[in-house]
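Structure assessment
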Amino acid sequence: MNCPYIIYSRTEDAWGAMFRAVQSASRSVFWEVYIFLDDEAGKPFYDLLEAKARAGVEVKLIIDAFGSSSISSARLASLSDAGADVRLFSERRRKWWRWWRPLYARTHRKLLIIDEGVGFMGGVNINRSMRSWLDIHLRVSGSVVRALVRSFAKSYLVSGGEKWQIRHLLRRQRSATGETTEVIVGSPHKTHSNIRDRYIQGLRQARQRVIFFSPYYFPDKYFLRAVWQARRRGVKIDLLIPFRTDVRLATYAAYGCFAVLRRIGVNIHFLGQMMHGKGMIVDDALAIVGTSNLDQTSFYDNYEINLKIRDHGFVR
């Protein structure tokens, strides 16, 4: 198998694995994340990153300016003084972009790369209130990490970084055709969604069963049409979603879709606790796991990253 995987299904378990990975870093730590607060959950990470930067490890952080708006400026300054390269992600820097898009275009990616050889990605942020959440986060290694590094480098440029500092990270990896893993990168676009299209492809390939899991559910009409077409072919479809989420408006939006889903025969399963994992499982053939919620914000407005994995052991 070209790309081994380790799956973490709880936020706290993923934190422990990521902390140990950063501890082991000898050359570089690249981290792009939506929420990274300097509370009791984030402080150990920030302390460790400062120590690594002072020891000569290349530390580059991309933190979403909106998602992590409550982080202290003193903490960021301390990290920069230690030698880390810290970027607050905001598309307002891109003057050529349509004026309204920067209001909600943001990086929703959670991507940690250690020594350009091991990667972590999925739904996990750093915030004490999320400690007990169910989530899906992956540890990956092998050739797929090269694509993750390139994705990080491109986000670094969008967030105002200089190209000469990451030119070596942009070198092209060999084609992944025929391998078990495909990196699916999503960027803001008014009408097209690479992420949504991969979900629809999975629905069209399904023969027996599809399982969706997401904390937030508010897809567009193209996604719903693909769900309806799959049901017409006799495909069983299950949606796993929390009964209540941390975003009340998103919960209400999801409830608005449930009548339509039940009418076409989708089975909806509610969890009594917060579940933040995002993705789908198709038969025993493939799974998509990553940062994209099943909603239009993830499809059209955010920077997202998912993995599409064709490995029977992983799917099981």
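A short tour of the structure in this document, coming up. (Residues numbered from 1 in each chain as written. Predicted model: local features only at pLDDT ≥ 70, side-chain atom pairs only at ≥ 80, totals over all residues. Heavy atoms only, no water.)

1. Digging into the nonpolar core
As a rule of thumb, nonpolar side chains are buried together in soluble globular proteins. Formed by 34 residues in total, the largest nonpolar core has its most connected members in Met18, Val29, Trp31, Phe36, Leu49 and Leu61. Taken together, the elements giving at least two residues each to this core come down to helix H1 (11-24), strand E2 (28-33), helix H2 (43-54), strand E3 (58-64), helix H3 (73-81), strand E6 (111-114) and strand E7 (118-122). Among the nonpolar cores identified, the runner-up in size contains 33 residues, and Leu138, Val149, Tyr156 and Tyr303 belong to it. (Core = buried A, V, L, I, M, F, W, Y, C linked by side-chain atoms within 4.5 Å. Buried < 20%, exposed > 50% of the residue type's maximum accessible area, 1.4 Å probe, protein only. Helix = DSSP H or I, 4+ residues; strand = E, 2+ residues; numbered from the N terminus.)

2. Observations regarding a nonpolar patch on the surface
Nonpolar side chains collect at one region of the surface, where Phe243, Tyr252, Tyr255 and Phe270 lie side by side and expose about 390 Å² of accessible area between them. You can see Tyr252 is positioned in helix H8 (residues 248-263). (Patch = residues over 30% accessible without salt bridge, like charges linked within 9 Å, V, L, I, M, F, W, Y side chains within 5 Å. Areas by Shrake-Rupley, 256 points an atom, 1.4 Å probe, with all protein chains shown as cover. Salt bridge = Lys/Arg side-chain N within 4 Å of Asp/Glu carboxyl O.)

3. Some points on the layout of surface pockets
Over the atoms rolls a probe the size of a water molecule, and its path tells where empty space is left. Of the pockets and cavities examined, the second largest pocket occupies roughly 450 Å³. Taken together, 21 residues form the lining of the second largest pocket, with Arg106, Tyr216, Val247, Ala250 and Asp295 sitting closest to its centre. For the lining of the second largest pocket, the elements supplying multiple residues, two or more each, are strand E11 (217-218), H8 and helix H9 (296-301). Across the lining of the second largest pocket, the residue classes break down as 10 nonpolar, 8 polar and 3 charged. (1 Å grid on protein atoms, 1.4 Å probe; cavity = no way out; pocket = protein on both sides within 12 Å on 5 of 7 lines; lining within 4 Å. Points joined across faces, edges and corners; volume = space filled by probe spheres on them. Nonpolar A, V, L, I, M, F, W, Y, C, P; charged D, E, K, R; others polar.)

4. Description of the packing of aromatic side chains
This model, assessed by the stated rule, comprises 18 aromatic pairs. Measuring from centroid to centroid gives 4.2 Å for Phe36 and Tyr46, while their planes differ by 25 degrees, and the two rings are stacked. Here Tyr46 lies in helix H2 and Phe36 lies in the loop between E2 and H2, a separation of 10 residues in the sequence. Using a relative accessible area of 0% as the deciding quantity, one classes Phe36 as buried. Centroid distance Phe212 to Phe223: 5.4 Å. Interplanar angle 50 degrees. Geometry classified as tilted. Separated by 11 residues along the polypeptide, Phe212 in strand E10 (residues 209-213) and Phe223 in helix H7 (residues 221-232) bring together distant segments of the chain. Using a relative accessible area of 3% as the deciding quantity, one classes Phe212 as buried. Phe223 sits in the buried class, given a relative accessible area of 0%. (Phe/Tyr/Trp six-rings, centres within 6.5 Å; stacked < 30°, edge-to-face > 60°.)

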